[in-house]
Amino acid sequence: MPTSFTVVPVKDGARKAKKGEEEDVDDNNVLKEEDVATGDGVPKENSPFINNTDNDKGNNMALFEDEIEINPMVSSLLNKLANYTNLTQGAQEHEEADNDEGPKKKEVKSPQMGTFMGVYLPCLQNILGVILFLRLTWIVGTAGILESLAIVGLCCSCTMLTAISMSAIATNGVVPAGGSYYMISRSLGPEFGGAVGLCFYLGTTFAGSMYILGTIEILLTYIVPKAAIFVAEKKEDEVNALLNNMRVYGTCCLALMSVVVFVGVKYVNKLALVFLACVILSILAIYAGVIKTIFEPPDFPVCMLGNRTLQNQNFDSCLKTEIIDNVTVTTQLWKLFCDGPELNATCNDYFLLNNVTEVQGIPGLRSRVISENMWSVYGPLGKLVDDTKLDSVDGGDSAQDKYLPYVVNDITTFFTLMVGIYFPSVTGIMAGSNRSGDLRDAQKSIPIGTILAIATTSFIYVTCVVLFGACIEGVLLRDKFGDAVKGNLVIGTLSWPSPWVIVIGSIFSCCGAGLQSLTGAPRLLQAIARDGIVPFLQVFGHGKANGEPTWALLLTAGICEIGILIASLDAVAPILSMFFLMCYLFVNLACALQTLLRTPNWRPRFKYYHWALSFLGMSLCLALMFICSWYYAIVAMAIATCIYKYIEYRGAEKEWGDGIRGLSLNAARYALIRLEEAPPHTKNWRPQLLVLLNLDSDQGVKHPRLLSLTTQLKAGKGLTIVGNVLEGTYLTKDAEARKAEQNIKSAMSEERTKGFCHVVVSSNLRDGVSHLIQSAGLGGMKHNTVLMAWPGTWRQANDPQSWKNFIETVRESTAANHALLVAKNVDSFPANLDRLGEGTIDVWWVVHDGGMLMLLPFLLRQHKVWRKCKMRIFTVAQMDDNSIQMKKDLQMFLYHLRLNAEVEVVEMHDNDISAFTYEKTLVMEQRSQMLKQMQLSRTEREREAQLIHDRNTASHATINDKAEAGPDRVHMTWTKDKLFMERNRNRECNANVAVRDLFNMKPEWESLNQSNVRRMHTAVKMNEVVVNKSQGAQLVLLNMPGPPRNRGGDENYMEFLEVLLEGLNRVLMVRGGGREVITIYS
């Protein structure tokens, strides 16, 4: 059959061909030098391994001769450590915001506002409110003027420092909708922004509850007390009845306000000025009343029994008896303390022993009452409100006092409670920054308007504290609900022209503030939801067609109802204080960080700030949180922490150029500089891995289980760098490099490997891996261990570079003093979700390598995959070693290392070298010679291919002459690879015949390199022992012999390792980095 053969050589690139020729020339030169040295082409004296003249260690450990020269044998180490005393320890910001806004709400067209209308008045309206009208007089009477001034000073200083920091942030660029949330999130990052934004939202929502409760308290206590649904039959039930009424009416008021906000926010905004006018008129009425007390104090007498204050609601005259028509009759007051109206009725002893007197509730500025109100009068729940300067005779059963019409404390009072109740009266400083979009010049108006508003309100609060203490009697100040003055609002009794000015003004103020809270809180939640940083809140980013936050309003009303159900204004105030204080704390932190980091974008127009002021404000906020209520502070911080961690793990990734990232960079720089000062101590040593990963032609990860092993070994601790090398130039391979990096990061994410990815483009793999080993990492954060997969197909690879690169990596890791881990059959290693049952991790400890073999199983068993596996340690004893003593010493060594493991000493005697070993060595050297002969120059290869082509052509012509008929000719195309495979097959067949013939002549064994024979003998014997003991182990760890010093025997080194690992499934070869990594010391 005529057949035509065409030999087509596959052309490599010119650069690769030239490089291959250079390498061939170099290799040939090496061979020639060795031939000259030995005369037979087999290196003997100049062995690529260690000098073979030193045979005093026997044949068993010849494979580890290099290591034994540097590191001690295990037996020697254990002998030295017998007494365990001499062990060396060793040593898009704006664009994203615009895109994420979603449908815009319908904007209300308004003229551009200036500082007064746009910032100053809104801040005044939000700061002045319910606490001023309902609780400030009680705080002054209970805490005294001095402590009240301290409370006002602390709180106002906190807000003033926060306003300075806020002014700096607000003038460092445009602040869109979102106010404080926007400032914090863009300054401290999405995690802090989301956490503090939600806390600020909760604070605003609970503020709505407080204002509604204030509205209901004014309504039911001072305007229409008869509207109460729950009426107490006994005095001791009055508190519970009031709370139940607050819950019912508060819920109704909340529903009504929610409907108003839902129907039309524009009406709320239009009424804002009306509410503000009521607040200002009320404050002016207070000052007018104070001035009037100088000339004509108002007549509000307080009835006292002895030194005790009486509730003046069920009697008209402050008398026990009175004379009517010359007849002494008892009064209504008598009936409250006696069991009948008769003069001989049985009465309370204290009532009989003490006189009834009247004192003027508001003596005025000209009186000396200010000296009496200087000091605090705290007391427990149920304590009587009394005047110590009046005479009193003790008597009667004090347990019955709670049933009598005395004015008493409805809660236990103390300084920190006063701080928590008062602080909400200074909140509201963000009102100006929230309206930055409506301001003519926001960067000028926000600082001036906010600071002026805080200064104005601080002046009002300080003067009110002093004037209340100077004008009002102490017992009346401590009367929270005005029971001693017939149920009048205490601050209303001081006002002019009528108490109703304060009552009406305060109820309008509370209603307006409640509506503002129910308007602002849903929009803040909507801004957070639309940023997309909290996934479960995304539903609240939607609303009506005009952008109104309907769902957010419903959630706000629901949370607000929780505050309504608490029902006590004194209990709700500390809650919202926590959330506002946390918000202010992070505003100060943001300003301080930006100032200290000196980021290029930090250029605020407001210049009157300093990082020390911001830190002082932050410290003051933190202190006030724990002063107000330490348990509320812990709860608020726990809520913020949970939100922070949730956003960190589940939230959308945002890059807003925040200060926390800059802080992280500075902290990392500082830590890296500190780490570089000295190497880590042995106690702190852990493998910092450089994982050399291989990719396929599609840039996919070849061995993802190598990443699984990394995760199991590291458990998220320490440094992990996953490296890969692409051949070529960076200018042409940049796209492939990015794709490879993305694929590796995806694989790392799937395998839960925490670390960094580093893809290098180099002209060849060897140089690229060398660059990674030398330059990966930074400063003190550099790898100390290299992890790679065993090249399982090195025998089948036509290109010898596959195993040459592996050996060069081993050499370079050793030169860099890095430990080396080589995983064989890495694809059979367990995944992170696997859970290995009963099994063992077997450690074969031949050479002491610093303790790596001890440390690695311990680290693996920390992971759930390997947790149930037991650790076994095998060590090798020589002929002159005492196996029993070695086992005892090793057990004691492990005891001091705090490692639990089974110990076994395996004896390996000096046996005669078997014929199998000689055969293995002979086959190895034959294969080595064939590989060397294949390293012909390109010219010689082409010449030989041409000769084969000519010979085949001649034979085909002869066949054609002899054949009379036949099928059409078959054209076959031969490539160089096919040609060399065929030629090698013929050579191997000839070599096998030669081997059989050679072994029939035993004297020919003497011509073999005896160093190779002894190393092969070690590999065979070690493999027999390891397979016998550890074939069923889940993982086998053993020392990895070092590569030859001379590169002429590299291929033999691969054969030795292959024989050593034959028959084992999961193997991790370990080569130490030249330092101790484990210690017995604490």
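Note that the structure is a prediction, hence the values are computed from the model and not measured.

Q: Please provide a residue-by-residue account of the packing of aromatic side chains, values included.
A: Throughout the structure, instances matching the rule amount to 21 aromatic pairs. With 5.7 Å between their ring centres and 80° between their planes, tryptophan 334 and phenylalanine 351 make a pair best called edge-to-face. One end of the pair, tryptophan 334, is in helix H12 (residues 332-337); the other, phenylalanine 351, is in helix H13 (residues 349-353), and 17 residues separate them in sequence. In terms of burial, tryptophan 334 and phenylalanine 351 fall into one category: buried. A centroid spacing of 5.5 Å and a plane angle of 80° characterise the contact between tyrosine 422 and tyrosine 461, whose relative ring orientation is edge-to-face. Placement of the pair is tyrosine 422 in helix H15 (residues 415-422) and tyrosine 461 in helix H17 (residues 442-471), with a sequence separation of 39 residues. Taken individually, tyrosine 422 and tyrosine 461 each receive the classification buried, so the pair is uniform in this respect. In textbook terms, an aromatic cluster arises when at least three aromatic residues are bridged by ring pairs, as seen for Phe200, Phe423, Phe580 and Tyr584.

Q: Tell me about a nonpolar patch on the surface, residues and numbers included.
A: Together, Leu622, Phe626, Trp630, Tyr631, Ile634 and Met637 give the surface a local cluster of nonpolar side chains, amounting to about 590 Å² of exposed area. Elements supplying a minimum of two residues to the nonpolar patch: helix H23 (611-628) and helix H24 (630-650). The greatest single-element share of the nonpolar patch, amounting to four residues, is contributed by H24. Looking at the element boundaries, tyrosine 631 is found in helix H24.

Q: Kindly report on the pattern of salt bridges, identifying the contributing residues and their values.
A: Scanning all chains against the criterion turns up 15 salt bridges. Across the salt bridge formed by arginine 135 and glutamate 217, the nearest N and O atoms sit 3.0 Å from each other. Of this pair, arginine 135 sits in the loop between helix H6 (130-134) and helix H7 (136-170) while glutamate 217 sits in helix H9 (residues 190-223), and the two are 82 residues apart along the sequence. One exposure class covers both arginine 135 and glutamate 217, and it is buried. The residue aspartate 401 makes a salt bridge to arginine 308 at a minimum N-O spacing of 3.5 Å. One end of the pair, aspartate 401, is in the loop between helix H14 (369-372) and H15; the other, arginine 308, is in strand E3 (residues 308-309), with 93 residues separating them in the sequence. Here aspartate 401 and arginine 308 have matching classes, each one buried. Several salt bridges converge on common partners, so that one network encompasses Arg135, Glu217, Asp410, Lys480 and Asp570.

Q: I'd like to hear about the sheet that holds strand E6 (residues 356-360), residue by residue, with values.
A: Taken together, the three strands give an open sheet; going across it, the order is E3-E2-E6, and neighbouring strands pair in antiparallel fashion. The outermost strands of the open sheet, each flanked by one partner alone, are E3 and E6.

Q: Describe in detail a negative patch on the surface, supporting the description with residues and values.
A: A surface patch of like charges, here negative, comprises Glu233, Glu236, Asp237 and Glu238. Looking at the secondary structure, you find aspartate 237 in the loop between H9 and helix H10 (238-263). Aspartate 237 sits in the partly exposed class, given a relative accessible area of 34%.

Q: Talk me through the packing of helix H22 (residues 569-597) against H23; I want residue IDs and the actual numbers.
A: In a pair of packed helices, the angle between the axes and the distance between the axes together describe the arrangement. Where H22 contacts H23, the two axes come as close as 8 Å, and the packing angle between them is 160°. When the axes of H22 and H23 are compared, the pair comes out roughly antiparallel. The way H22 lies across H23 gives a crossing that is left-handed. Note on element contacts: H23 touches H22 through Trp611, Ser614, Phe615, Gly617, Met618, Cys621, Leu622, Leu624, Met625 and Cys628, opposite Met578, Leu581, Met582, Tyr584, Leu585, Asn588, Leu589, Cys591, Ala592, Thr595 and Leu596. Class assignment for the residues of the contact of H22 with H23 results in 17 nonpolar, four polar and no charged.

Q: Summarise the sheet that holds strand E17 (residues 1067-1071); cite the residues concerned and give the values.
A: Judged by pairing direction, the sheet is mixed, and its 10 strands sit side by side in the order E9-E8-E7-E10-E11-E17-E16-E12-E13-E14 without closing on themselves. Strand pairing shows two members of the sheet lacking a second neighbour, strand E9 (756-762) and strand E14 (902-907), which therefore form its edges. Across the sheet, the mean angle from the axis of one strand to that of its neighbour is 20°, orientation sign disregarded. The pairing of strand E8 (residues 720-727) with E9 spans seven bridges and is parallel. The residue bridging asparagine 724 from the neighbouring strand is valine 759, located in E9. Seen against the sheet, helix H27 (residues 730-750) touches E8 and E9 and runs at an angle of roughly 155° to E9.

Q: Hey, could you go over the packing of H9 against H10 for me, with residue numbers and the actual values?
A: Axis separation between H9 and H10 bottoms out at 9 Å; the angle between their running directions is 120°. As the angle between them shows, H9 and H10 are arranged oblique. Along this stretch, H9 crosses H10, giving a crossing that reads as right-handed. Packed against H9, whose contacting residues are Ile212, Leu213, Ile216, Glu217 and Leu220, the element H10 presents Asn245, Met246, Tyr249, Gly250, Cys253, Leu254 and Met257 at the interface.

Q: Could you give me a rundown of the side chain of aspartate 479, with the residues and numbers involved?
A: Mapping aspartate 479 onto the fold places it in the loop between helix H18 (474-477) and helix H19 (490-494). No salt bridge is formed by the buried aspartate 479; the nearest opposite charge belongs to lysine 480, separated by 9.5 Å. Only 3.4 Å separates the side chain of aspartate 479 from the backbone nitrogen of glycine 482, close enough to count as a polar contact.

Q: Could you give me a rundown of unusual backbone geometry, with the residues and numbers involved?
A: Looking along the chain, the bond that leaves tryptophan 496 and enters proline 497 is cis, with omega of 15°. If you trace the backbone, proline 497 turns up in the loop between H19 and helix H20 (499-531). Positive phi values are uncommon outside glycine, yet alanine 567 reaches one of about 75°. In this structure, alanine 567 sits in the loop between helix H21 (550-566) and H22. Here alanine 567 falls in the buried class, since its relative accessible area comes to 2%.

Q: For the pairing of strand E13 (residues 870-877), give the residues involved together with the corresponding values.
A: Counted residue by residue, E13 has seven buried out of eight residues, so it is predominantly covered. The pairing of strand E12 (residues 840-845) with E13 spans six bridges and is parallel. Note on E13: the bridge partner recorded for isoleucine 841 is methionine 871. One crossover worth recording links E12 to the parallel E13 by way of helix H30 (residues 852-860), and it is right-handed. Here E13 pairs with E14 via six bridges, running parallel. In the strand pairing of E14, arginine 872 is matched with glutamate 902. With helix H31 (residues 883-896) bridging E13 and the parallel E14, this β-α-β connection has right-handed handedness.

Calculation notes
Residues numbered from 1 in each chain as written. Predicted model: local features only at pLDDT ≥ 70, side-chain atom pairs only at ≥ 80, totals over all residues. Heavy atoms only, no water. Phe/Tyr/Trp six-rings, centres within 6.5 Å; stacked < 30°, edge-to-face > 60°. Helix = DSSP H or I, 4+ residues; strand = E, 2+ residues; numbered from the N terminus. Buried < 20%, exposed > 50% of the residue type's maximum accessible area, 1.4 Å probe, protein only. Patch = residues over 30% accessible without salt bridge, like charges linked within 9 Å, V, L, I, M, F, W, Y side chains within 5 Å. Areas by Shrake-Rupley, 256 points an atom, 1.4 Å probe, with all protein chains shown as cover. Salt bridge = Lys/Arg side-chain N within 4 Å of Asp/Glu carboxyl O. Pairing = 2+ DSSP bridges. Lys, Arg positive; Asp, Glu negative; His and termini not counted. Charge placed at Lys NZ, Arg CZ, Asp CG, Glu CD. Axes fitted to C-alpha atoms, helices over the stretch in contact; angles between N-to-C directions. Parallel < 35°, antiparallel > 145°, perpendicular 65-115°, else oblique. Left-handed = near helix turned anticlockwise from the far one by under 90°. Contact = heavy atoms within 4.5 Å. Nonpolar A, V, L, I, M, F, W, Y, C, P; charged D, E, K, R; others polar. Polar contact = N/O pair within 3.5 Å; in protein donor to acceptor, adjacent residues only side chain to side chain. Right-handed = clockwise from strand over helix to strand, strands pointing away.

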